[in-house]
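So the chains spell out like this:
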Amino acid sequence: GAGVSQSPSNKVTEKGKDVELRCDPISGHTALYWYRQRLGQGLEFLIYFQGNSAPDKSGLPSDRFSAERTGESVSTLTIQRTQQEDSAVYLCASSPEFLRVGQPQHFGDGTRLSIL
Amino acid sequence: SQQGEEDPQALSIQEGENATMNCSYKTSINNLQWYRQNSGRGLVHLILIRSNEREKHSGRLRVTLDTSKKSSSLLITASRAADTASYFCATVRHTGTASKLTFGTGTRLQVTL
């Protein structure tokens, strides 16, 4: 399987707990994106990594959200002190290079996060 | 914030009919992409149209772009039950050294036998 892989596929946790979501992009893809999708809604941009450049964190909704990426490989999205409003599907996507050349994004199947 | 707004929000048609979905956006763009999302899955890229293009075809898909009206349409001809999914437009805008892909709110398409 050469697609984008996300884990876990489902996560149920209690309010106030921290959660860590993982994304394995397609090998060789330098750009990686995280989105949040609430039930029945479109995608909300969270953060974008491109190679060794500083990430674009402009979409992170609060300081409880953070993300890291090691080189051009795995990324983790961490949500601290989860709230019920954080319940959503978190989607990761990767693309071969900078969007400037109009590359499409390749998506994982997401992590469905439920906060009790 | 969502730049693209799809219309209609939901569409129900019978197999064999054509389905048309529209997308409007607010700012200038470099290209526009359409994606499909099956229930419980990630998005799958369907087609990309650049800002200097007006129409593009791919199999049963036809996409138009009118930059003067800031709108795009996706036409699926001879629909099949397997086309049932949500469809999203996404605009790409380059600003300095960054680019943003901004998704619309989606159209839920139901194709019945």
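Anyway, here's the lowdown on the structure attached to this text.

Calculation notes
- Residues numbered from 1 in each chain as written.
- Chains lettered and ligands numbered in written order.
- Predicted model: local features only at pLDDT ≥ 70, side-chain atom pairs only at ≥ 80, totals over all residues.
- Heavy atoms only, no water.
- Helix = DSSP H or I, 4+ residues; strand = E, 2+ residues; numbered from the N terminus.
- Rg over C-alpha atoms; globule rule 2.2 N^0.38 Å.
- Buried < 20%, exposed > 50% of the residue type's maximum accessible area, 1.4 Å probe, protein only.
- Contact = heavy atoms within 4.5 Å.
- Phe/Tyr/Trp six-rings, centres within 6.5 Å; stacked < 30°, edge-to-face > 60°.
- Pairing = 2+ DSSP bridges.
- Axes fitted to C-alpha atoms, helices over the stretch in contact; angles between N-to-C directions.

**Looking at the overall build of chain A**
Next up, step 1: Scanning chain A for helices and strands turns up zero helices and 10 strands.
Next up, step 2: When the elements of chain A are put in sequence order from the N terminus, they spell out β-β-β-β-β-β-β-β-β-β.
Next up, step 3: For 116 residues, the compact-globule estimate of 2.2 N^0.38 gives 13 Å, and chain A sits close to it at 13 Å.
Next up, step 4: Considering only C-alpha atoms, chain A reaches an extent of 40 × 30 × 25 Å along its principal axes.
Next up, step 5: Taken across its 116 residues, chain A has 51% of its residues classed as buried.
Next up, step 6: Pairs at least 24 apart in sequence give 55% of the contacts found in chain A among residues at least 6 apart.

**Observations concerning the packing of aromatic side chains**
Next up, step 1: Scanning all chains against the criterion turns up eight aromatic pairs over all chains.
Next up, step 2: Measuring from ring centre to ring centre gives 6.2 Å for tyrosine 35 of chain A and phenylalanine 45 of chain A, while their planes differ by 70°; the resulting arrangement is edge-to-face. Residue tyrosine 35 of chain A is located in strand β4 (residues 31–37), and its partner phenylalanine 45 of chain A is located in strand β5 (residues 43–50); the two are separated by 10 residues in the primary sequence.
Next up, step 3: Judged by its relative accessible area of 16%, phenylalanine 45 of chain A falls in the buried class.
Next up, step 4: For the ring pair phenylalanine 107 of chain A and phenylalanine 103 of chain B, a centre distance of 6.0 Å and an interplane angle of 80° mean the geometry is edge-to-face. With phenylalanine 107 of chain A in strand β9 (residues 106–107) and phenylalanine 103 of chain B in strand β10 (residues 98–103), the pair connects residues from two separate chains.
Next up, step 5: On the basis of relative accessible area, phenylalanine 107 of chain A is assigned to the buried category, the value being 11%.
Next up, step 6: One aromatic cluster is present, built from ring pairs that chain together Tyr33, Tyr35, Phe45, Tyr48 and Phe107 of chain A together with Tyr35 and Phe103 of chain B.

**Considering unusual backbone geometry**
A negative phi holds for most residues other than glycine; trans holds for most peptide bonds.
Next up, step 1: Here serine 7 of chain A and proline 8 of chain A are connected by a cis peptide whose omega angle stands at -10°.
Next up, step 2: When you line up the elements, proline 8 of chain A lands in the loop between β1 (5–7) and β2 (10–13).
Next up, step 3: The backbone of lysine 70 of chain B shows a phi angle near 50°, a positive value even though the residue is not glycine.
Next up, step 4: Residue lysine 70 of chain B is classed as partly exposed on the basis of its relative accessible area of 29%.
Next up, step 5: In this structure, alanine 78 of chain B takes a positive phi of about 45° despite not being glycine.
Next up, step 6: Here alanine 78 of chain B is to be found in the loop between β8 (71–76) and β9 (85–95).
Next up, step 7: Relative accessible area serves as the criterion here: at 38%, alanine 78 of chain B is assigned to the partly exposed category.

**With respect to the sheet that holds strand β6 (residues 65–69) of chain A**
All names here are of chain A.
Next up, step 1: Overall, antiparallel pairing links the four strands, which are arranged β1-β3-β7-β6 in an open sheet. The two strands at the open ends of the sheet, each matched to only one other strand, are β1 and β6. Adjacent strand axes in the sheet meet at a mean angle of 15°, parallel and antiparallel pairs treated alike.
Next up, step 2: Relative to strand β3 (residues 19–24), β1 runs antiparallel, the two being bridged by three bridges. Looking at β3, one finds that serine 7 is bridged to arginine 22.

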